[in-house]
Amino acid sequence: MITLIINNQKVTVKQGTTILKASEKLGIEIPTLCNHEGLAPYGACRLCVVEIIKEKENRIVAACSFPVEEGMKVLTNSDRILKRRKMIAEFLLARCPDVKVVRDLANKMGIKKPRFKPKNKDCILCGLCVRVCNEIVGIGAIGFVNRGKNLKVDTPFHLASDVCIGCGACSYVCPTGAIEMEFDVVQRFRESLGSEHICRYALMGMLSYKVCSNNYECWKCKVDQKIRDTLGTHPIFAAKEIKSEKVNQYFSFLEKIQA
Ligand code: SF4
Ligand code: SF4
Ligand code: FES
């Protein structure tokens, strides 16, 4: 166990815990935009910056990816940090002035209008979509392409993906609404994977085999609705880290009736 001090409050957490998690334990809120507890930290948005003081040295680090250290002192709201976060929020607002989550965040920090030229983008380059597709779905249908100001999320060579299973996990995790799942596209992706209509749960590896009897209109499927209600999240997160015994039992039941 590691003991550290955050904003003058002592906290003890397991080794390997991030500063963000340790702060949560104390009820200290740190803004985040690219963090998701089911995905590896990426440190893209830099909103979660905090100041650490160790051996008289002050450093600014990303709380979502920096692990706690014994005796570490952390300041989450120092003047230096608030100024830095405000600048980041201003850049984000200039990049995505119409994105609600960005506007709300900037407004909360007292920024109504950025001083920089608006870019009118809808993607904040947080990488959540890329990470979920790689790490959780295990497909890697999308990734970052180009560099610098042309950096963006795309399929390889900007071509319609021949590996995407249309699971919708990328759209689910996107904080800005930049990825919308259009039913006909999803249907096309799934159909291109085989002549049989394989259920999306089988495509996601949650069931060994199941044919969709609803023409991929999941909202008409009782199994799909039941699973979504039971999980309360996108099923792909539960597939990798089954959270409740009830869900486990449900899947074993489905496997049995298919056998
Ligand atoms: S729909 Fe699923 S497989 Fe396709 S890009 Fe999004 S996460 Fe990847
Ligand atoms: S599309 Fe959405 S999830 Fe993907 S990088 Fe952009 S804002 Fe993040
Ligand atoms: S939440 Fe830590 S860098 Fe984005």
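Once a new chain begins, its residue numbering starts again from 1 and follows that chain's sequence as written. By the order in which they are written, chains take letters starting at A while ligands take numbers starting at 1. The model is predicted, so local features are restricted to residues of pLDDT at least 70 and side-chain atom pairs to those at 80 or more, both for listing and for counting; the totals for chains, interfaces and linings are taken over all residues. Heavy atoms from the whole structure form the basis of all side-chain values; hydrogens and water molecules are not counted.

Undergrad: Just to check I follow, could you spell out the sheet that holds strand β3 (residues 49-54) for this structure?
TA: Paired through their backbone hydrogen bonds, the strands of a sheet run either parallel or antiparallel. With respect to topology, five strands assemble into an open sheet ordered β2-β1-β5-β3-β4, the strand pairing being mixed. For this open sheet the edge positions go to β2 (9-13) and β4 (57-62), each flanked by a neighbour on one side alone. When the angles between neighbouring strand axes are averaged without regard to direction, this sheet yields 30°. Throughout, a residue-residue contact means that at least one pair of heavy atoms, one from each residue, lies within 4.5 Å. Lines fitted to C-alpha atoms define the axes, with helix axes restricted to the stretch in contact, and inter-axis angles between N-to-C directions lie between 0 and 180 degrees. Only runs of H or I of at least four residues qualify as helices and only runs of E of at least two qualify as strands under DSSP, and these elements are numbered from the N terminus. Contacts from helix α2 (residues 79-95) reach β3, β4 and β5 (73-75) within the one sheet, and its direction differs from that of β3 by about 150°. A pair of strands is treated as paired once DSSP finds two or more bridges between them.

Undergrad: How do you make sense of the packing of α2 against helix α3 (residues 100-108) when you look at a structure like this?
TA: To characterise two packed helices, one gives the angle between the axes of the helices and the distance between these axes. Viewed as axis vectors pointing N to C, α2 and α3 meet at an angle of 145°, and their least axial separation amounts to 9 Å. Seen along the crossing, α2 lies across α3 with a hand that is left-handed. Contacts between α2 and α3 involve Ala 89, Leu 92 and Leu 93 from the first element and Val 102, Arg 103, Leu 105 and Ala 106 from the second. Of the residues in the contact of α2 with α3, the class split is six nonpolar, no polar and one charged. The hand of a helix crossing depends on one turn: near helix anticlockwise from the far one by less than a right angle means left-handed, and clockwise means right-handed. Classification used: nonpolar for Ala, Val, Leu, Ile, Met, Phe, Trp, Tyr, Cys and Pro, charged for Asp, Glu, Lys and Arg, polar for all others including Gly.

Undergrad: Explanation requested: unusual backbone geometry in the structure shown.
TA: With glycine set apart, most residues show a phi of negative sign, and most peptide bonds adopt trans. Phi at Asn 8 is positive, roughly 70°, even though this residue is not glycine. Along the chain, Asn 8 falls in the loop between β1 (2-6) and β2. Three labels apply to residues, based on accessible area from a 1.4 Å probe with only protein chains included: buried if under 20% of the type maximum, exposed if over 50%, partly exposed otherwise in between. Look at Asn 8 and you get exposed, because its relative accessible area is 74%. A positive phi angle, close to 60°, is found at Phe 157, a residue other than glycine. Tracing the backbone through its elements, the reader meets Phe 157 in the loop between β7 (152-154) and α5 (169-173). Taking relative accessible area as the criterion, Phe 157 reaches 76% and is therefore assigned exposed.

Undergrad: Would you explain the domain arrangement of the chain in this entry?
TA: Think of interface size as the accessible area that goes away when the parts come together; that is how it is often given. The start and end points of each domain follow an automatic or database-based domain assignment. Segmenting the chain into domains produces domain 1 (2-80) and domain 2 (128-258). Each of domain 1 and domain 2 was reduced to a C-alpha centroid, and the two centroids are 32 Å apart. Taken together, the contacts link nine residues of domain 1 with nine residues of domain 2. Once two parts are joined, some of their accessible surface, as seen by a 1.4 Å probe, is lost; buried area is that loss totalled over both. At the boundary of domain 1 with domain 2, total buried surface from both sides reaches about 770 Å², with 64% on carbon and sulfur atoms. The largest share of the area that domain 1 buries against domain 2 comes from His 36, Leu 39 and Tyr 42, three residues that together contribute 59% of it. Any carboxyl oxygen of Asp or Glu within 4 Å of a side-chain nitrogen of Lys or Arg constitutes a salt bridge here. Taken together, domain 1 and domain 2 are joined by zero salt bridges. Pairs of N or O atoms are called polar contacts if they sit within 3.5 Å, as long as, within protein, a hydrogen donor faces a hydrogen acceptor (for residues adjacent in sequence, only side-chain-to-side-chain pairs). There are three residue pairs in polar contact (both at pLDDT 80 or more) connecting domain 1 and domain 2. Here the side of domain 1 that touches domain 2 is built from residues that sort into six nonpolar, three polar and no charged.

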